[in-house]
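Examination of the molecular architecture
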Amino acid sequence: MTFRLLSVHAHPDDESSKGAATLARYAAEGVDVLVATCTGGERGDILNPAVDTTEARADLPAIRRREMAAAAEILGVRQRFLGLVDSGLPGEGEPLPEGCFAALPLSEAAAPLVALIREFRPHVVITYDETGGYPHPDHIRTHEVTLEAFTAAADPARYPGTGEPWRPQKLYYQATLSRAWFQTLHDATLAAGLESAMADVLSELPLEDPSTVTTRIRCESHFATRDRALLAHKTQVDPAHPFFAHSREIERKAWPHEDYHLANPTPGPNLEEDLFTGVTP
């Protein structure tokens, strides 16, 4: 049988910066991989000065959809927008925009994902931990709606009219782009006698990573695919970002995997090497 993997993200480009090599590996191995993108990134900024034009800012929602389609093709995965509205990143003390993803009641925000889980019937679901990976309201809300949908999709009494119940067998949190990852690449780069661009990033990160790593997926042969998918999001990714400065050969040797935390069921004592460990057809 074909295993099915659902990766839930807040905005277009998140799927390519967090766990993309894992998705590419499983897709190449014949797993049916679907990316669920909660919002269209409508309130995002243009982060690449080379494409920051008046025309691009005016057409950003449509551009981001085209970028998402290009990235999904590169990764070899399917993708679905859930139709929720980007919340933007309000300043301290500013209210969330009315009707945005993070401002909706939880049941309303989670309903499209419940429907998708019941339709796609994934064996494994991936999302962010309770921190969202960083404190963007849409990332935190993505965590909340995925927890809600993971449980609710199996209950026939909940969310009527959204399809037949389905219970995914495992839920993972992303543990990629961790301090440990940045530190390891920084140290390996210096050890190779090269300059590292990671020092400034490390100075801004918490001293400890929030999630315990329970699962490591070898995917070094797909790092180039990850990079191409990320660069397909031209409005969101500056090729001069420190992420692209380190040697990929050093990365493949020093950190040839992407990391996850098994949130449900309770992880066992041994480090997993496959998201589908223990999954039954």
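It should be emphasised that the depicted structure is a prediction, and the values quoted were computed from it without experimental measurement.

Here the focus is the overall build of the protein. The helix and strand tally for the protein stands at ten helices and seven strands. Taking 281 residues into account, the globule formula puts the C-alpha radius of gyration at 19 Å, and the protein, at 19 Å, falls close to it. Viewed in the frame of its principal axes, the protein has a C-alpha envelope of about 60 × 50 × 35 Å. Here the protein, with 281 residues, has 51% of them falling under the buried criterion. Taking the intrachain contacts of the protein between residues at least 6 apart in sequence as the baseline, contacts between residues at least 24 apart amount to 82%. Accessible surface computed for the protein: about 12900 Å², of which carbon and sulfur atoms make up 53%. When the 25 positive and 41 negative side-chain charges of the protein are each reduced to one mean point, those points stand 6 Å apart.

Now for the pattern of salt bridges. What the rule picks out here adds up to 17 salt bridges. The residue Arg-78 makes a salt bridge to Asp-32 at a minimum N-O spacing of 2.8 Å. Here the residue Arg-78 occupies a position in strand β3 (residues 78–84), and Asp-32 occupies one in strand β2 (residues 32–39), the gap between them amounting to 46 residues. Among the residues examined, Arg-78 registers a relative accessible area of 42% and is labelled partly exposed. The partly exposed category is assigned to Asp-32, whose relative accessible area is 23%. Between Glu-220 and Arg-218 there is a salt bridge, with the nearest N and O atoms lying 2.4 Å from each other. Taken together, the shared-partner salt bridges connect Arg-226, Asp-227, Arg-248 and Glu-251 into one network.

Okay, the state of the cysteines next. For the structure shown, the criterion picks out zero disulfides. Its sulfur unpaired, Cys-38 is 13 Å from the next cysteine sulfur, which belongs to Cys-100.

Our focus in this paragraph is the sheet that holds strand β6 (residues 215–218). The strand order across the open sheet built from seven strands is β3-β2-β1-β4-β5-β7-β6, with neighbouring strands paired in mixed fashion. Pairing within the sheet leaves two strands with one partner each, and these edge strands are β3 and β6. When the angles between neighbouring strand axes are averaged without regard to direction, this sheet yields 30°. As paired elements, β2 and β3 share five bridges and run parallel to each other. Paired with Ala-36 across the strands is Arg-80, a residue of β3.

In this section: the packing of aromatic side chains. Per the stated rule, a full pass over the model turns up six aromatic pairs. Judged by centre distance (4.8 Å) and plane angle (20°), the ring pair of Phe-3 and Phe-276 falls under stacked. Separated by 273 residues along the polypeptide, Phe-3 in the segment before β1 (4–9) and Phe-276 in the segment after β7 (257–264) bring together distant segments of the chain. Under the relative-accessibility criterion, Phe-276 is labelled buried at 5%. Ring centres of Phe-243 and Phe-244 lie 5.2 Å apart, and the angle between their planes is 90°; this geometry places the pair in the edge-to-face category. For the pair Phe-243 and Phe-244, a shared accessibility class is recorded, and that class is buried. Through a chain of ring-to-ring contacts, the aromatic side chains of Trp-181, Phe-182, Phe-243 and Phe-244 assemble into a single cluster. One cation-aromatic arrangement involves Arg-216 over Trp-255; the distance from NZ or CZ to the ring centre is 5.2 Å.

Reading the values: the criteria
Residues numbered from 1 in each chain as written. Predicted model: local features only at pLDDT ≥ 70, side-chain atom pairs only at ≥ 80, totals over all residues. Heavy atoms only, no water. Helix = DSSP H or I, 4+ residues; strand = E, 2+ residues; numbered from the N terminus. Rg over C-alpha atoms; globule rule 2.2 N^0.38 Å. Buried < 20%, exposed > 50% of the residue type's maximum accessible area, 1.4 Å probe, protein only. Contact = heavy atoms within 4.5 Å. Areas by Shrake-Rupley, 256 points an atom, 1.4 Å probe, with all protein chains shown as cover. Lys, Arg positive; Asp, Glu negative; His and termini not counted. Charge placed at Lys NZ, Arg CZ, Asp CG, Glu CD. Salt bridge = Lys/Arg side-chain N within 4 Å of Asp/Glu carboxyl O. Disulfide = S-S within 2.5 Å. Pairing = 2+ DSSP bridges. Axes fitted to C-alpha atoms, helices over the stretch in contact; angles between N-to-C directions. Phe/Tyr/Trp six-rings, centres within 6.5 Å; stacked < 30°, edge-to-face > 60°. Lys NZ or Arg CZ within 6 Å of the ring centre and 35° of its normal.

These values are about where atoms sit, not about what they do.
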